[in-house]
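Observations on chain architecture
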Number of protein chains: 2
Amino acid sequence: MRAAMEAEAVASELCSGHGRAYLDGLVVDGKPVCECNTCFGGPDCSLFSPDCAADVDSGNPLFLEPFWMQNAASSAVLVAGWHRMGYQVNDQAHISTELEKHIRKLHSVVGNAVTEKRFIVFGAGSSQLLNAAVHALSQDKSTSPAGVVVTFPFYPAYKEQTEFFRSNDYKFLGDAALWKNASDANVNIIEFVTSPNNPDGQLMKAAVQGDYAKAIYDHAYFWPHFTAIPAPADEDLMIFTLSKLTGHAGSRFGWALLKNETVYQRMAAYVYENSVGVSQDTQLVALKLLQVVLQGNGGDFFDFGSTTMRSRWETLREALSVSNRFSIQEIEPQYCSFFRQVRVTSPAFAWLKCKRDEDEDCYTVLKTAGIIGRQGTAFGGGSRYVRLSLIKTQDDFDLLMRKINALVSDERVDSKQVEDHNQP
Amino acid sequence: MRAAMEAEAVASELCSGHGRAYLDGLVVDGKPVCECNTCFGGPDCSLFSPDCAADVDSGNPLFLEPFWMQNAASSAVLVAGWHRMGYQVNDQAHISTELEKHIRKLHSVVGNAVTEKRFIVFGAGSSQLLNAAVHALSQDKSTSPAGVVVTFPFYPAYKEQTEFFRSNDYKFLGDAALWKNASDANVNIIEFVTSPNNPDGQLMKAAVQGDYAKAIYDHAYFWPHFTAIPAPADEDLMIFTLSKLTGHAGSRFGWALLKNETVYQRMAAYVYENSVGVSQDTQLVALKLLQVVLQGNGGDFFDFGSTTMRSRWETLREALSVSNRFSIQEIEPQYCSFFRQVRVTSPAFAWLKCKRDEDEDCYTVLKTAGIIGRQGTAFGGGSRYVRLSLIKTQDDFDLLMRKINALVSDERVDSKQVEDHNQP
């Protein structure tokens, strides 16, 4: 109880709505120190630095934080000092049965994945599971290392991670398109398929087909706040993460749904050798969060998430509608079986293109204007593209829009001047 | 508050002292289901199966669970639904500043490690850090993969893990003794030094010295409940884990203390690529646990731990003192700077030897007598040895002693019969 009260006291600390104080944050003179949003400062985060750049580089999913603050009472969880101290739950499985049940129920309610007769492996975020999957799929006997491929533009962590661990069993080969008809090349292909895609939000299918190819479906963004859900995904190997579902990136929790028992055992072995399973504290927190998400069959939660994302997209689309200099990706509206209506999608990222001939280095164009995105080249997408994260705090988004509006406004002044100049 | 009450209700569920019910356990007819200790069953864990084997295989550190139950009020922590949702704390470091401070303070209070001017990396248990360390130390330029070596008997995870990840950069080479004078072999050596050693509890130093050799000191058991602390350890690369300090193996939290900044950056990069840091929920729990440990400068906590372990060792030593068939390791008493007295050690494991000629397969001898240990051969220690875990629940230990007493009693009956038979 004391712990509960302590937590509430910290939570009630005022940071002007532009920051937060945590139980494990710094304490000065007996008072918790506010951790401010980017571009806000001062003891209560009320000082705004207007010249500060809009940092929309990372995919930090803080757009959902207000939902959890509004639902603080139902989503808080008390971890006892003696909570699941041992290594094992359910013999060797290291995973919580109740959490597994809730995950299956969530997929069934949302309708985004088939879970019947599927094995589940938990991981420390999807990151750990991505490499566990590459490991598992690369263990089939072959004379040469398996080749890991992607369709451009792609999430750069696949390449980084695959290369970082320097395994004898796999190597990164790049563009999937080059391996579409490679069954004679004596190399097994492992394809990362991100659907919806990061950076551009498109729903994707594996490019390489055939006995020699296996796909890892990264469904991090396959949730109703980002995309229409046309039908339940039913792939052999699918990976999901709490980070982009509930926004709890800091908790490091992900899961894989698997059809094949051997692949399941190999991935479970990887997680065991790597970290002896996933934190029991995290599993307890994840269970509580999913219980809240599932209240009212996900209605409140996904309404909040998709309302926020759609509002941001509307604002962004409207601002850019008068621009000839910048464009963003178009995704066809689709029927969403969760919301039971045709939906305009609202992906986590804008994939912005600089259209002017002289703006070939789009990242620098934006940076000069006070917008820090992620370079299109990082995704194999070309220097005319920049990824802008739309899932950070409202402050981050507001600042982004302030900078974008200024850019578009300059553009109109420029073109007005050109018009004036061209008049006889 | 509701969460707190919910937790207390679950905690107060009675499982006869032979089990526990958790917040995230199964619920039947609205009541949480007891999870019973090994060999106990029934709805309230009161049914004891006397024929059930004593399972002392794993190093599950549940001997500390009663301490945390006794300190339930001070050790519980409320995790808010909006607790540190983002990927990052303190820029790229992903680690809690307060937790880092507490770790340094703990080492200073216990006197078991120098932390001044040391970098700290957090990991998902020491497991993740062990391989991160091998990775970090293997990145120095060399024509061939680095060789990973150990002194026998050794903790088998080093070999398993090193081989599992199939890296181009390192391979397991086995016995350190063979590499003591190998500076001409053009291979960099990475030596795992476990001190106190698992399985036998001896304090250890690196066997291989020289420019071509680097050591990973695994100090999992270097705490006052297991060993005398002669002086603060001051090695280049030292790894500790919450599992064997507070008993929270399920939380998956460990840390490395590092002198070298490049090694620090490589290990941090490994943890980032592998799992994007360590769960914030776990970091919050770890902070609370260390705050409790540090109350009264660690006195209460380490008194509880060492009293429990010493009592178990006394019981075990006494039972075996009349045996000619079995022996256990002897470790010289040493001055412990934490307790400020000469201390008999009380390691986590008994390293038991079968002395009779016919008992060459000691594991099977014990198994037949209802004791499941871990085979000496798993540690490279020979089949006459078996590791017995002394850090599981009191029930596990009591059952072990019941079986050992029966074995020793049989032995005395046997020798009495031999004596009778030998009489003229």
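Residues numbered from 1 in each chain as written. Chains lettered and ligands numbered in written order. Predicted model: local features only at pLDDT ≥ 70, side-chain atom pairs only at ≥ 80, totals over all residues. Heavy atoms only, no water.

**Brief notes about the overall build of chain A**
Within chain A one finds twelve helices and 22 strands. The C-alpha radius of gyration computed for chain A amounts to 23 Å, which stays within 12% of the reference 22 Å derived for 424 residues, consistent with globular compactness. On the principal axes, the C-alpha backbone points of chain A span a range of 80 × 65 × 45 Å. Burial statistics for chain A: of 424 residues in total, 58% are counted as buried. Partitioning the intrachain contacts of chain A with sequence separation of at least 6 by distance along the chain shows that 71% fall at a separation of at least 24. Taken as a whole, chain A presents about 17100 Å² of accessible surface, with 49% of it coming from carbon and sulfur. Separation between the mean location of the 39 positive side-chain charges and that of the 50 negative ones in chain A comes to 3 Å. (Helix = DSSP H or I, 4+ residues; strand = E, 2+ residues; numbered from the N terminus. Rg over C-alpha atoms; globule rule 2.2 N^0.38 Å. Buried < 20%, exposed > 50% of the residue type's maximum accessible area, 1.4 Å probe, protein only. Contact = heavy atoms within 4.5 Å. Areas by Shrake-Rupley, 256 points an atom, 1.4 Å probe, with all protein chains shown as cover. Lys, Arg positive; Asp, Glu negative; His and termini not counted. Charge placed at Lys NZ, Arg CZ, Asp CG, Glu CD.)

**Notes on the sheet that holds strand 13 (residues 213-218) of chain B**
All names here are of chain B. One open sheet accounts for seven strands, arranged 9-15-14-13-12-10-11; its pairing is mixed. Two strands lie at the open edges of the sheet, namely strand 9 (119-123) and strand 11 (170-175), each paired on one side alone. For this sheet the average axis-to-axis angle between neighbouring strands, irrespective of direction, equals 25°. Against the sheet, helix 6 (residues 157-164) contacts strand 10 (146-150), strand 11, strand 12 (189-194) and strand 13, and its axis sits at roughly 155° relative to strand 11. (Pairing = 2+ DSSP bridges. Axes fitted to C-alpha atoms, helices over the stretch in contact; angles between N-to-C directions.)

**Some remarks on the interface of chain B and chain A**
Each partner contributes to the interface: chain B provides 84 residues, whereas chain A provides 84 residues. For the pairing of chain B and chain A, the buried interface totals around 7300 Å² over both sides, and the portion due to carbon and sulfur atoms is 57%. Applying the counting criterion to the chain B and chain A interface returns six salt bridges. Close ionic contact of Glu35(A) with Arg84(B) constitutes a salt bridge, the shortest N to O distance being 2.9 Å. One can count 41 residue pairs in polar contact (both at pLDDT 80 or more) joining chain B with chain A. Of the residues that constitute the side of chain B that touches chain A, the class distribution is 36 nonpolar, 29 polar and 19 charged. Judged from the three bridges that link them, strand 8 (residues 77-79) of chain A and strand 8 (residues 77-79) of chain B form a sheet pairing that is antiparallel. Residue pairing for strand 8 of chain B: Val77(A) is matched across the bridge by Val79(B). (Buried area = accessible area lost by both parts, 1.4 Å probe. Salt bridge = Lys/Arg side-chain N within 4 Å of Asp/Glu carboxyl O. Polar contact = N/O pair within 3.5 Å; in protein donor to acceptor, adjacent residues only side chain to side chain. Nonpolar A, V, L, I, M, F, W, Y, C, P; charged D, E, K, R; others polar.)

**Considering helix 5 (residues 125-137) of chain B**
Spanning 13 residues, helix 5 of chain B covers 19 Å between terminal C-alpha atoms, matching the ideal 18 Å at 1.5 Å per step. Most of helix 5 of chain B sits out of view: 13 of its 13 residues are buried. (Expected span 1.5 Å × (residues − 1).)

**Focus: the pairing of strand 12 (residues 189-194) of chain A**
Residues and elements named next belong to chain A. Along strand 12, six of the six residues are buried, which leaves the element largely enclosed by surrounding structure. Burial of strand 12 is two-sided: the residues Ile189, Glu191 and Val193 facing one way and the residues Ile190, Phe192 and Thr194 facing the other way are all buried. Pairing between strand 10 (residues 146-150) and strand 12: four bridges, direction parallel. Bridging from a neighbouring strand, Val148 pairs with Ile190 of strand 12. As judged from the six bridges shared by strand 12 and strand 13 (residues 213-218), these two strands associate in the parallel manner. Along strand 13, the bridge assignment pairs Val193 with Tyr217.

**What to know about the state of the cysteines**
Residue and element names in this part refer to chain A. Per the counting criterion, the structure on display carries eight disulfides over all chains. Two residues share a disulfide in this structure: Cys39 and Cys52, whose sulfurs sit 2.0 Å from each other. Since a negative S-S torsion denotes a left-handed disulfide, the Cys39-Cys52 link at about -65° is left-handed. Of this pair, Cys39 sits in the loop between strand 4 (35-36) and strand 5 (40-41) while Cys52 sits in the loop between strand 6 (47-48) and strand 7 (54-55); the two residues are 13 residues apart in sequence, bridging distant segments of the chain. Using a relative accessible area of 7% as the deciding quantity, one classes Cys39 as buried. Put simply, Cys354 and Cys362 are joined by a disulfide, and their sulfur atoms are 2.2 Å apart. Measuring handedness by torsion sign, the sulfur bridge of Cys354 and Cys362 sits at about 65° and is right-handed. With a relative accessible area of 0%, Cys354 lands in the buried category. Numbered by order of appearance in the sequence, the disulfide-linked cysteines of chain A pair as 1-2, 3-5, 4-6, 7-8. (Disulfide = S-S within 2.5 Å.)

**Focus: empty space enclosed by the protein**
The method is simple in principle: a probe with the dimensions of a water molecule rolls over the atoms, and the space it marks as empty is what remains. Enumeration over the complete set of coordinates arrives at 13 cavities of 30 Å³ or more. Computed from the structure, the largest cavity encloses a volume of approximately 120 Å³. Elements with a contribution of two residues or more to the lining of the largest cavity: helix 5 (125-137) of chain A together with helix 5 of chain B. Taken together, the residues of the lining of the largest cavity break down into seven nonpolar, seven polar and three charged. In this structure, the second largest cavity occupies an estimated 100 Å³ of space. Taken together, 16 residues line the second largest cavity, and the ones lying closest to its centre are Ala124(A), Val278(A), Ser279(A), Ala124(B) and Ser279(B). A per-class count over the lining of the second largest cavity returns four nonpolar, ten polar and two charged. (1 Å grid on protein atoms, 1.4 Å probe; cavity = no way out; pocket = protein on both sides within 12 Å on 5 of 7 lines; lining within 4 Å. Points joined across faces, edges and corners; volume = space filled by probe spheres on them.)

**What to know about the packing of helix 9 (residues 280-294) of chain A against helix 9 (residues 280-294) of chain B**
One way to put it is that helix 9 of chain A packs onto helix 9 of chain B with a least axis distance of 8 Å and a crossing angle of 120°. With respect to helix 9 of chain B, the axis of helix 9 of chain A lies oblique. Between helix 9 of chain A and helix 9 of chain B the crossing geometry is right-handed. Contact with helix 9 of chain A, carried on its side by Asp281(A), Thr282(A) and Val285(A), involves Asp281(B), Thr282(B) and Val285(B) of helix 9 of chain B and no other residues of that element. Here the residues of the contact of helix 9 of chain A with helix 9 of chain B are counted per class, giving two nonpolar, two polar and two charged. (Parallel < 35°, antiparallel > 145°, perpendicular 65-115°, else oblique. Left-handed = near helix turned anticlockwise from the far one by under 90°.)

**Considerations on the sheet that holds strand 11 (residues 170-175) of chain A**
Residue and element names in this part refer to chain A. One open sheet accounts for seven strands, arranged 9-15-14-13-12-10-11; its pairing is mixed. Two strands bound the open sheet, and with one partner strand each, they are strand 9 (119-123) and strand 11. With direction set aside, neighbouring strand axes in the sheet form an average angle of 25°. Bridge count for strand 14 (residues 237-241) against strand 15 (residues 254-258) is five bridges, and the pairing is antiparallel. Paired with Met238 across the bridge in strand 15 is Leu257. Helix 5 contacts strand 9, strand 10, strand 11, strand 12, strand 13, strand 14 and strand 15 of the sheet and is inclined by roughly 165° relative to strand 14.

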